[in-house]
Each structure stands twice: as structure tokens, then as C-alpha cells.
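Tertiary structure, described
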Amino acid sequence: MHRKWLVNRTNQDFLEYLARKTSVSTAFVQILINRGLKDPDSIKAFLNPSIDNLHDPFLMPDMKIAVERIMTAVGKGETVFVHGDYDADGITSTALLVSALRELSLKTHYYIPNRLSEGYGFNMPGIQKATQCGAGLVITVDCGISSKKEVSEANSLGIDVIITDHHEPPQELPPALAVINPHRIDSTYPFKHLAGVGVVYKLVQALTQPSSLNLQPSSFLDLVTIGTIADSVPLTGENRVLAAYGLKELNSRNCRTGIHALIEAAGINNGKELKSGTLSYTIIPRINAAGRLGDASEVVELFLTTDEAKAKGIAAFLGTQNKDRQRVEEEVYKSAVSMIDAGNPGNAIVLYSPAWHQGVLGIVASRLVEEFYRPAFVFSVDGAAAKGSARSIPPFHIYNGIAECAGLLLAFGGHSQAAGVKILTENLPAFKNQMNSIVERDLNDDALTPVLEIDAAVDLFEVTFNLVRELGMLEPFGSANEAPLLGVKGLEAVDPRVVGNSHLKMRLKQKSLSMDTIGFNMSELLEKIEDSYTLDAAFVPCINEWNSSRILQLNLKAVRPST
């Protein structure tokens, strides 16, 4: 896929001024500036995230009402019902709130809908379960913001509802006792981008303020970190603080029994540092696998149990389910790609089939976005109706786009880059046409061309162990804080070759200095490299540790002939 290379540049005098003030390299200062950090104080705050800088939870609308209602439940010894969701954000949100409420001696039940038979959101079966267990209060986590009908039903049964959610609110909020959502129009809460588990954490944080309630918010940071990183919300602001502190908890192994079991089942050595990338590629897929293929309640139990044998059993089962998920995902992805004209994929990719497993649609949509750089909608058809997952590219707000098609839809919800949709099967062709028209109207050809954004142009001699150490200060990496991409022009490829069937291995040389380079799954570029006299390369520098030796290595991300 053709990509525009964009190199961020700043006035050299300003770079050198900030480098002196912050005692870091000019290359690192350029990367900080690209993240909107343009003065010493903001740089210091970003590089040293502090739990003391979290915002007052009572700045969120309805937080006081929610806390008072929970305190009433504690005083009366009521039963509380937590209604969650089946993805990693919803699962960690559920486990966090159930744990907190049980610490307050509240009899607490929970419910996770089945993705395949019930779909997303606060639903009638959940309300029935709440009624059966005698709950007078239902608290939703990571869902509920669009559930006007369901909240009204619960109210008619004499059940109070508190909604905690982070998805885009409709114009009219559900008639709940409290609606805690940073995206509310009337919200002045300073940080809008919390994951569902982050919103729940703010509720627990608020519950620590009444002196009669004894909770330790720090004991929940392991769950908050996993849910936040899993939901791909921006790792800036409060999310950065929560993820950074949670990773410290995980790396000290000061985390719950079930997370220990997951780490062991994933084959992560006890001495190896857990980073955001490790969670994203090893731990989180195992958590999501349960909800994609079966019952996510098992994972909630994993996070609630203190029984090591039970935790190990569930963790092993999740590993098996994840392998099944990978197989199913690959089948659906290949089928989806076969339906696309690679030379003319359209402005929006809208695909549907009765053969596709609902549980992997979101992952497949994400892969299609990565492959074709178009908003992607992938539906599983079941008779007269179809359920789908949507993923977007940065310039296109997919929730707003879908909202314009509301007349064709049975239900939808989500946020700027991801959404879920339910539609009558007969309306799918009309939806495809309308969505293509909306994207064509909103995005020009330039916006539909992916950009390779290079944080800093450097010379090879600037890539040092010290620079890699500085880059590590930006951890945890994730959405809106990706691992920095550096670029060097005019390189010579020395001994390029393919290793391990699909990886590109070589040394890149500039003047008299050369550096070991690896391009994972980039073997198809070998011919282009051999035919080029000099190259420009984009890479992430890292340290390769092998046989007790440490060498600088360039993790290649893109390459092109020098112009």
C-alpha cells in the first residue's frame, strides 16, 4: 500500500533550548513536541505520571447521586446487580466493581450477556436475572448509555439503575437514577477518553471519600490497566497515569491470583518486564477469546477467585480458546479479503456473509482497515437480521457516520473509531451505498491515503543506547502515544537476506557506521532493496539481548528508495 511519508520538524534553536532545559537529546525533544509537549513543565508531567494528578471524580455529572445511592444500599444491606459486557474492557469493569462492592459487604451478583445469542448491551435477560436475585439496584459497566427501553423496564419493576459507560451518548439519556459518562454534553470533566473500566475506577475512587467506606483504589489498578489498554483509548492524560501505575503493580506481581495465572499460562517468565505491548499481544487476546467464542463470565470468575488451582484451570482453558479464535479469525479474514477488489476497494468496505462467526468480526474489521485504509463494516447475517462490527481510520468519525444511516438500522452504538451495528439483512445494500456516499463526501483522496508519520529525522550516529533509554520513558505505548518512529535518509543495505521464511535481515550503513536491522514479515521487500542504490528507512530502535550480549538494533517499519 502506498503511504505518504511525513517527517515532523521543529526549529532547531527551539529543539536545543528544550533539550537543555530538560536534559534530554534533541531527537527525543522532537518526539515530545510531536506529542504536544512544548514546555519543560508539561514534559516533566508526561514523563513522570503521578496518581496525585487524577481529577476529582465528583466533577462528573451524577457521581454524587451514584455514591449516595450505593451508600444507601450499604446501609440497608441491599443486593446489587452489576451488568457488564463481554470484551476485555467490560470484563475488567465488571470484576472491578463486583470486587469493590463485595469489599463494602454488599451482596453482589453480576451478568455478562452472551455475544452470540444476546449481543451487546444492557438487556432484558439481565433485568430478569436482577429481579430473580432480589436486587434493588443495577449498575451497568461499559454499557447502558443507549438503553432507554431497558432502563424504563427496570424502573417499572422498582429497580434503580446507575449507568457507567464511556460510549457516545444519544441526544436523550436513559431515565436512570445516575448516568456517569465523561462524554455527556453537560459534563465538564477534564478528561473525556476514559475506557469503561476507567469510568468504573472513578466511581470507586469517589466511594473512597465517604469515611464510612473503606476501599483502596490502588488495589484495582491491575484490572484498570488491562481494560484501558485493551480498549485502545488514548494513553494520554488520566489513562497514561492509570496504565503506568497498573503496570507497576503487574510487574511487582502485586496483582490478583487470576492475572498471575494468565501471565504464567502465556509463558511469560517471572523476571520479564510486562509492557503494554506484552498485554496487547499475549494477555488481552486470551481474555477476549472467551467472549468471542463462548461465555465471558468465566473470565470474571478468573479475576475474582483467590483459588490458585481454579485460576490455573481457567487460564489454561482461555489459552485453548484463543487458539480456536485465531483459526476462526483467519478463515473469516481470508473470506472477507476475497470479496474485495484490491485495486478499487471503494470509499468504505461493507461486507457480509451468513458463514462468518460474530465473535471475530471486530478483529477482522480492524485488519481490513490496516490492509486497505478504509472504514470497514463486517456483518454476520442470521436470517432476516445481521450484526456487525465497524472500525475506522483516524480522519473519519464512524459513530457519526453510522448515525446518519439510523433510518436503516435496528440498533447501533460506539465511538469515533469503533462501533457495533444491527440491521435488517434487506437493508445491507442500501447501507453500503449510503456509507460509501458519506465517506466520499467527508474524505478526499488525500485523507484516504495512509500517512507514515515519522517522529524525528536523525542520522544513524544519533541512534544510541541513551536514546533507546529515553524512548523507554514514553512507556506505556498505545493509542495516541505510539512507539516513536525514527527516519534516516541515504542508507546502504549490507547483506540483505531472508531469515525464518518471512523476515528481512541486513545491516543499514550510513558513512562508516552500520547497524543491525530486522524487518519482521517484510521478506517481500528484498528485491526492492537489492535494486536500490540507497534507501530511506523508518524504524523503531531497540536493544536486542542475546547470549548475554546487548546490541542496538533497528526494528524496520518501512523502507523506500532514496530520492
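Structure shown above.
Below: a short report on this structure. (Residues numbered from 1 in each chain as written. Predicted model: local features only at pLDDT ≥ 70, side-chain atom pairs only at ≥ 80, totals over all residues. Heavy atoms only, no water.)

Digging into the side chain of serine 187
- Within the secondary structure layout, serine 187 lies in the loop between β6 (178–180) and α8 (196–207).
- A polar side-chain atom of serine 187 sits 3.4 Å from the main-chain carbonyl oxygen of proline 182.
- With residues up to four places along the chain from it excluded, the contact list for serine 187 reads Pro61, Asn181, Pro182 and Lys192. (Helix = DSSP H or I, 4+ residues; strand = E, 2+ residues; numbered from the N terminus. Polar contact = N/O pair within 3.5 Å; in protein donor to acceptor, adjacent residues only side chain to side chain. Contact = heavy atoms within 4.5 Å.)

Some details on the sheet that holds β6
- The strand order across the open sheet built from five strands is β3-β2-β4-β5-β6, with neighbouring strands paired in parallel fashion. Looking at strand neighbours, the two that pair on one side only are β3 (107–111) and β6, the edges of this open sheet. With strand direction ignored, the average angle separating the axes of adjacent strands in the sheet is 20°.
- As defined by bridge partners, strand β2 (residues 79–83) adjoins strand β4 (residues 137–141) across four bridges and the pair is classed as parallel. Across the sheet, the residue bridging to valine 82 is isoleucine 139, located in β4.
- Together, β4, β5 (160–164) and β6 form the strand contacts of α8, whose direction differs from that of β5 by roughly 120°. (Pairing = 2+ DSSP bridges. Axes fitted to C-alpha atoms, helices over the stretch in contact; angles between N-to-C directions.)

Describing the layout of surface pockets
- Space inside the second largest pocket adds up to approximately 220 Å³.
- Around the second largest pocket, the lining is made up of 14 residues, and of these Ala244, Glu273, Gly472, Glu475 and Pro476 lie nearest the centre.
- Ranked by the residues each element gives to the lining of the second largest pocket, the list is headed by helix α10 (residues 237–251), at five residues.
- In terms of residue class, the lining of the second largest pocket is built from seven nonpolar, two polar and five charged. (1 Å grid on protein atoms, 1.4 Å probe; cavity = no way out; pocket = protein on both sides within 12 Å on 5 of 7 lines; lining within 4 Å. Points joined across faces, edges and corners; volume = space filled by probe spheres on them. Nonpolar A, V, L, I, M, F, W, Y, C, P; charged D, E, K, R; others polar.)

Some remarks on helix α12 (residues 276–293)
- With 18 residues, α12 should cover 26 Å at 1.5 Å per step; its first-to-last C-alpha distance of 24 Å lies within 8% of that length.
- The largest bend along α12 measures about 40° and falls at isoleucine 284, with the proline proline 285 one to four residues further on.
- Of all 18 residues making up α12, 13 are buried, and the element is well covered by its neighbours. (Expected span 1.5 Å × (residues − 1). Bend = angle between axes of the 7 residues up to and from the residue. Buried < 20%, exposed > 50% of the residue type's maximum accessible area, 1.4 Å probe, protein only.)

Re the side chain of threonine 517
- Along the chain, threonine 517 falls in strand β16 (residues 513–519).
- On the basis of relative accessible area, threonine 517 is assigned to the buried category, the value being 1%.
- Among the polar contacts listed, one links the side chain of threonine 517 to the backbone oxygen of methionine 515, at a separation of 3.2 Å.
- The residues touching threonine 517, leaving out its near neighbours within four places in the chain, are Leu504, Lys505, Met506, Arg507, Leu508, Leu554 and Leu556.

Observations concerning the environment of isoleucine 518
- Along the chain, the position of isoleucine 518 falls in strand β16.
- Each C-alpha atom of the pair isoleucine 518 and lysine 505 lies 4.8 Å from the other, and the pair is 13 residues apart in sequence.
- In contact with isoleucine 518, other than residues within four places in its own chain, are Val499, His503, Leu504, Lys505, Gln553, Leu554, Asn555 and Leu556.

So, α8
- Across its twelve residues, α8 extends 17 Å between first and last C-alpha, which sits within 8% of the 16 Å expected from 1.5 Å per residue.
- Counting buried positions along α8 yields twelve of twelve residues, so the element is predominantly enclosed.

Some points on the packing of aromatic side chains
- Within this structure, the stated rule accounts for five aromatic pairs.
- A ring pair is formed by phenylalanine 81 and tyrosine 111, whose centres lie 6.4 Å apart and whose planes are at 25°; its orientation type is stacked. With phenylalanine 81 in strand β2 and tyrosine 111 in strand β3, this pair connects stretches of sequence that are 30 residues apart.
- Pairing tyrosine 399 with phenylalanine 412 gives two aromatic rings, centres 5.6 Å apart and planes at 50°, and the pair type is tilted. One end of the pair, tyrosine 399, is in helix α16 (residues 398–403); the other, phenylalanine 412, is in strand β10 (residues 409–414), with 13 residues separating them in the sequence. (Phe/Tyr/Trp six-rings, centres within 6.5 Å; stacked < 30°, edge-to-face > 60°.)

Regarding the pattern of salt bridges
- As enumerated under the stated definition, the model contains 20 salt bridges in all.
- Across the pair glutamate 301 and lysine 310 runs a salt bridge whose closest N-O atoms are separated by 3.3 Å.
- Judged by its relative accessible area of 27%, glutamate 301 falls in the partly exposed class.
- Where glutamate 330 meets arginine 367, a salt bridge forms, and the shortest distance between an N and an O atom there is 3.0 Å. With glutamate 330 in helix α14 (residues 308–338) and arginine 367 in helix α15 (residues 361–372), this pair connects stretches of sequence that are 37 residues apart.
- Owing to a relative accessible area of 22%, arginine 367 belongs among the partly exposed residues under this scheme.
- Ionic contacts of the salt-bridge type, sharing partners, join the residues Arg325, Glu329, Glu330 and Arg367 into one network. (Salt bridge = Lys/Arg side-chain N within 4 Å of Asp/Glu carboxyl O.)

Focus: the environment of alanine 100
- Position of alanine 100 relative to the elements: it lies in helix α5 (residues 88–103).
- Overall, the relative accessible area of 0% leaves alanine 100 in the buried class.
- For the pair formed by alanine 100 and tyrosine 201, sequence separation is 101 residues and the distance between their alpha carbons is 9.7 Å.
- Apart from the residues lying within four places of it in its own chain, the contact partners of alanine 100 are Val204, Leu215 and Phe220.

Let's talk about the packing of α5 against helix α9 (residues 221–230)
- At a minimum axis distance of 8 Å, the contact between α5 and α9 shows a crossing angle of 160°. Between α5 and α9, the angle falls in the class roughly antiparallel. The crossing of α5 and α9 is left-handed. Contact residues: α5 offers Ala88, Asp89, Thr92, Ala95 and Leu96, while α9 offers Leu223, Val224, Ile226, Gly227 and Ala230.
- A class-by-class count of the residues in the contact of α5 with α9 yields seven nonpolar, two polar and one charged. (Parallel < 35°, antiparallel > 145°, perpendicular 65-115°, else oblique. Left-handed = near helix turned anticlockwise from the far one by under 90°.)

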